[in-house]
Structures are given as structure tokens and as C-alpha cells.
Amino acid sequence: MEFSIPKKMLMGVSTASMQIEGGQLDTNWNDWYRRGFIKDGTDPSVANDHWKYWREDTALMGEMGLQLYRFSVEWARLMPEPGLVDERAVAQYREELTALNEAGIRPLLTIHHFSNPMWFEKKGAFEKRENLSDYLDLVKLVVERFGDLCSDYITINEPNVYATNCYFFGAWPPGKTGVKETLAVMENLAYCHIKAYEMIHRLRKEMGYTDTMVGCANHLRVFAPKNEKNLWHRISAKLTSYLFQDALTKAMTLGDFPFPMRNYAHLPKGEYTDFIGLNYYSRSTVSGIGDGVRENCPKTDLDWEIYPQGLVDCARRLYEVLPRPIWVTENGTCDNNDRFRCRYLYDHLKVISQSDLPFERYYHWCFCDNFEWVEGNSSRFGLVSVDPETRARTVKKAGRFYSEVIQKGGVTKEIYQNYVADQRYDVR
Ligand code: BGC
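Caption draft 1: View of helix H7 (residues 132–146). Between the first and last C-alpha of H7 there are 21 Å, a value that for 15 residues agrees with the 21 Å anticipated at 1.5 Å per step. Where H7 is concerned, the buried positions are Leu 132, Asp 134, Tyr 135, Leu 136, Leu 138, Val 139, Leu 141, Val 142, Val 143 and Phe 146. Residues of H7 that are buried make contact with helix H4 (75–78), helix H5 (87–102), strand S4 (106–110), helix H6 (118–122), strand S5 (152–157) and helix H9 (179–206).

Structure (C-alpha cells):
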């Protein structure tokens, strides 16, 4: 054996509704596409057509031996207008959850993963405090309608990525670039998480369940000084990490809002997570404002540094805020021509297996190649490819590798030889 997967750790995949489902919906991302902001011009109303193909996808997950599936509900589908619930959408999500449970694949539901209905977006989305009750209405709906079929929830996916891409860098809808707005969105998302955490527990308890698990999918990165010897680089690396992730994770996890965040609603301090949800992809180098990428290191096809040790370092950072079981809610790579995905998986699973931290779940991002936000469909993260014409799904080499690792409980010498040995990263 090269290494064994930790005994208690379950393995599966992660997705998000806007990236896979398809459908002509009135959302901020369909709108962003119509306004011409998707780099390769691909249309999220197509994506993987998962809304039509969910049975096939669920069956394929079963065949691959996956134990977990994280996916999100599409708010605009469930509530096409304020206060209006589409019962057909509720029914289909219920069917999907039932099928997953029957296949022995444990569902983890994300309530918000970057996409908003336009009716919410138009009134200022998470920037405005008076809108937050709309999100809490969605949480209520999700738990009341799906709570008997699902015990595990993520309140919000990557609040820091949402706040910064949408309100600081202006790259995502609504394309704003203000510090004040970014901070307001972060504060409001922390508020939403804490309120949702309490609500999900309360509602499921009323339904008679005691196994509820609630957390957030935190996006953490390693921020390293570009030049270790340069004091300004060291200070800016610390500051970037603090402003992008550390202050927010503390607020969301403990209800303890460090400067510059404000606990305007006077939420009590507490323990607002049952697991540590970690989305980990890369390390950035810092030499001032903004972040960069090291030169001469292994890179993905999106030019992100491949730095496996960072997964454990980021998990430890969160564990030190509040020790809880660690669920890697996303980890994966853009590898458009399937040249190194097996090695990427191998390296990241290896650091997990060698760590002393309590890793209990690993969700690979992503199941199928899908709609990668402003990058469009041409940035491929999937274990499975999708034919653009026929929509046929084909398990890639990395998908077969992953299945065998799950089945054998680790990477044997033979698996290593068959899948990993000849794969190399690009060094740029
Ligand atoms: C997001 C996913 C995205 C992935 C790869 C994460 O930031 O949650 O939606 O596809 O990274 O970029």
C-alpha cells in the first residue's frame, strides 16, 4: 500500500446547481451570461443538463462507488417569485434525495452556492440587511421540505469568494468594486449563517431528528509572502489572509466579529458549526495589495499553484478556531486534457492520510465537467466528461482511479502504477 485512507473518512463528490442543472432561469448568472461576461461564451442554461439527467448521474455515482454527494438547490427554481414556491421543483429535489439515499450515497445540501434569483439580486441581494429574511425563508423551505430526507447542510458556499468576486473585484454579478459593500456583504453573510445554523437545528429538532449537521463551506487559501525576507511582503500576506478569510471564519464559527467586521445585530457568541467545511485549491503569493502566483512551481490549467500541503495547513487553521470533524467540502483541479488529475488527487489524499487531524469526509470537486462561472464550460474540473452534443457521460481515468481508491480503502502499489506513476504537473 502506498497509503490508506483514514478509517472513518467517507469519499464522494461535490457540485452546485447553477454549474450543472441547466434551464432557462431568471438568475444573476443567466443574466451575467446574457450581458456577455462569460469568457468562452458558454451558457449556464445548458451546463450538464443535470435537471434532465439526474437519474443517470445518480446511477453513475452509485456505479462509481461514491459514498457522498454534495449539491445545492437552485433558489430561483424553488422560489421563482418572492413568496411563490414551485411544487414541481420541490418534488424533483425530493426524488433526487430519495434516490441518493436508496443508492447509499449520503446527501449534503448546500442552501446557497453563488446564484441568486433576479428578484433578489435586483433589490440588492446580500448587500442590504432588509433582504436577509428572504434567504432565511429559503432556509426554512429547504428544511421543511427536505429535512426528512437529508440531515447534513451547508448554509452558504464560500462567503468570502462571493463577497470579493461580486463586490470587490467586480468580476461576478453584480460587478461592484467597493470596500464598504464587500464588508457589508461579509457581515450580512455571517449573520445569515448564524441565523440559518440555529434555524436548521431548531426545525429538524421539531421534526424529531437529532442527527443534524450544519456548517459552512469555507474557502481557504495559503497566503505566502512572495519574498520571505521582505517585511512588507510578510505583513501583506498576513493582512490579506486576515481580511479575506480569518476574520470572516471567526465571525461565522464563533459569533465573534473581529475588526473591521461589526456584529450589528448583537448576535451572541457561540459555536456555530458542527463540522469544519473546507474548500481548498491553492496557495497564493503576496507582495502587496492583491495576490499572485509563485513562479517555477506546479500549476493547474487555470495557473493556480498545486500545493497539497496547504490543504492540511488550512484545515488546521480552522481547527484551531473550533475543533470539529473536518469535511473537505471541495478540492480538485482544472486539468483540461486529463494529464495530471490522478496525481493531484493522489497528492492531496496522501497529505490527508498522513495528517493527525480528524478528516471525516472528502468531496472531490467536481463530478462532471461543468459551468465554471466566468470561465464557462471550457475549464474542466470533472471526474466525468459530458459530450456537448449527446450529453453522454464518460468516466475519465481520474474517475476510475477515484473509484478504485474508494473500493480498496487507499492507494495500492498497483493503483499507483496504473494511474499516477506517469502523470506529471506542468511547472511554470
Ligand atoms: C467554488 C466552485 C468552483 C470551484 C473551482 C470554488 O470556489 O465553490 O463553484 O467551481 O471553486 O473554481
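Picking up after the structure, the text goes on.
Caption draft 2: Inspection of the sheet that holds strand S7 (residues 276–286) at higher detail. If you walk around this closed barrel you meet the eight strands as S2-S3-S4-S5-S6-S7-S9-S10, and the pairing is parallel. Strand after strand, the sheet turns through a mean of 30° between neighbouring axes, direction not considered. Inspection of the sheet shows S4 paired to S5 by three bridges, in the parallel sense. The partner of Leu 109 across the bridge, within S5, is Tyr 153. Contacting strand S3 (68–72) and S4, H5 runs over the sheet at an angle of about 170° to S3. Each of strand S6 (213–225) and S7 touches helix H10 (residues 231–254); the most contacted strand, S6, lies at about 175° to it.

Caption draft 3: Inspection of the environment of Gln 423 at higher detail. Locating Gln 423 in the fold gives a position in the loop between helix H14 (413–420) and strand S14 (426–427). Its relative accessible area of 5% is what places Gln 423 among the buried residues. Along the primary structure Gln 423 and Ser 353 are separated by 70 residues, whereas in three dimensions their C-alpha atoms are 21 Å apart.

Caption draft 4: Molecular detail of unusual backbone geometry. Following Pro 173, the chain continues into Pro 174 via a peptide bond in cis, with omega recorded as 10°. Looking at the element boundaries, Pro 174 is found in the loop between helix H8 (159–167) and H9. The peptide bond linking Phe 259 to Pro 260 adopts the cis configuration, its omega dihedral lying at 10°. Inspection of the secondary structure puts Pro 260 in the loop between H10 and S7. With phi around 65°, Asp 303 is a residue other than glycine that occupies positive phi space. Assignment of secondary structure puts Asp 303 in the loop between strand S8 (298–299) and helix H11 (309–321). Under the relative-accessibility criterion, Asp 303 is labelled partly exposed at 39%.

Caption draft 5: Geometry of the packing of H8 against H9. Direction vectors running N to C along H8 and H9 enclose 155°, while the axes themselves pass 9 Å from each other. In terms of axis orientation, H8 runs roughly antiparallel to H9. Like other packed secondary-structure pairs, H8 and H9 cross with a definite hand, here right-handed. Contact with H8, carried on its side by Pro 159, Asn 160, Tyr 162, Ala 163, Thr 164 and Tyr 167, involves Glu 181, Thr 182, Val 185, Met 186 and Leu 189 of H9 and no other residues of that element. Along the lines of polarity and charge, the residues of the contact of H8 with H9 split into seven nonpolar, three polar and one charged.

Caption draft 6: Region of interest: the site of the ligand. Taken together, the neighbourhood of the ligand is formed by 13 residues, with Gln 19, Glu 158, Glu 330, Glu 372 and Trp 373 sitting nearest. When isolated, the ligand has an accessible area of 310 Å², and the protein chains bury 95% of it.

Caption draft 7: Structural detail: the confidence of the model for the protein. For the protein, mean pLDDT is 97; residues scoring 70 or higher make up 100% of the total. Looking over the protein, one finds the lowest element-wise mean pLDDT in S14, namely 96, and the highest in S5, namely 99.

Caption draft 8: Broad picture of the packing of H10 against H11. Where H10 contacts H11, the axes come no closer than 10 Å and their chain directions differ by 40°. Between H10 and H11, the interaxial angle falls into the category oblique. Between H10 and H11 lies a crossing of right-handed hand. For the pair formed by H10 and H11, the contact residues are Ser 241, Gln 245, Asp 246, Thr 249, Lys 250, Thr 253 and Leu 254 on the first element and Arg 317, Leu 318 and Val 321 on the second. For the contact of H10 with H11, the class distribution of residues is three nonpolar, four polar and three charged.

Caption draft 9: Fine view of the pattern of salt bridges. Inspection of the entire model under this criterion finds 34 salt bridges. The salt bridge partner of Lys 396 is Asp 369, with a shortest N-O separation of 2.8 Å. Linking Lys 396 in the loop between strand S12 (393–395) and helix H13 (397–408) with Asp 369 in the loop between strand S10 (359–364) and strand S11 (384–386), this pair joins segments that are 27 residues apart in sequence. There is no split in this pair, since Lys 396 and Asp 369 are both buried.

Caption draft 10: Spotlight on H9. Between the first and last C-alpha of H9 there are 41 Å, a value that for 28 residues agrees with the 40 Å anticipated at 1.5 Å per step. Trailing H9 by a residue or two, Gly 208 shows a phi angle of about 95°, which is positive.

Caption draft 11: Seen up close, the environment of Asn 336. Structurally, Asn 336 can be placed in the loop between strand S9 (326–330) and helix H12 (341–353). What Asn 336 contacts, discounting residues up to four positions off in sequence, is Asp 301, Ser 378, Ser 379 and Arg 380. A distance of 2.9 Å separates the side chain of Asn 336 from the backbone nitrogen of Arg 380, its partner in a polar contact.

The rules behind each value
- Residues numbered from 1 in each chain as written.
- Predicted model: local features only at pLDDT ≥ 70, side-chain atom pairs only at ≥ 80, totals over all residues.
- Heavy atoms only, no water.
- Helix = DSSP H or I, 4+ residues; strand = E, 2+ residues; numbered from the N terminus.
- Expected span 1.5 Å × (residues − 1).
- Buried < 20%, exposed > 50% of the residue type's maximum accessible area, 1.4 Å probe, protein only.
- Contact = heavy atoms within 4.5 Å.
- Pairing = 2+ DSSP bridges.
- Axes fitted to C-alpha atoms, helices over the stretch in contact; angles between N-to-C directions.
- Parallel < 35°, antiparallel > 145°, perpendicular 65-115°, else oblique.
- Left-handed = near helix turned anticlockwise from the far one by under 90°.
- Nonpolar A, V, L, I, M, F, W, Y, C, P; charged D, E, K, R; others polar.
- Near = heavy atom within 4 Å.
- Areas by Shrake-Rupley, 256 points an atom, 1.4 Å probe, with all protein chains shown as cover.
- pLDDT = per-residue confidence, 0-100.
- Salt bridge = Lys/Arg side-chain N within 4 Å of Asp/Glu carboxyl O.
- Polar contact = N/O pair within 3.5 Å; in protein donor to acceptor, adjacent residues only side chain to side chain.

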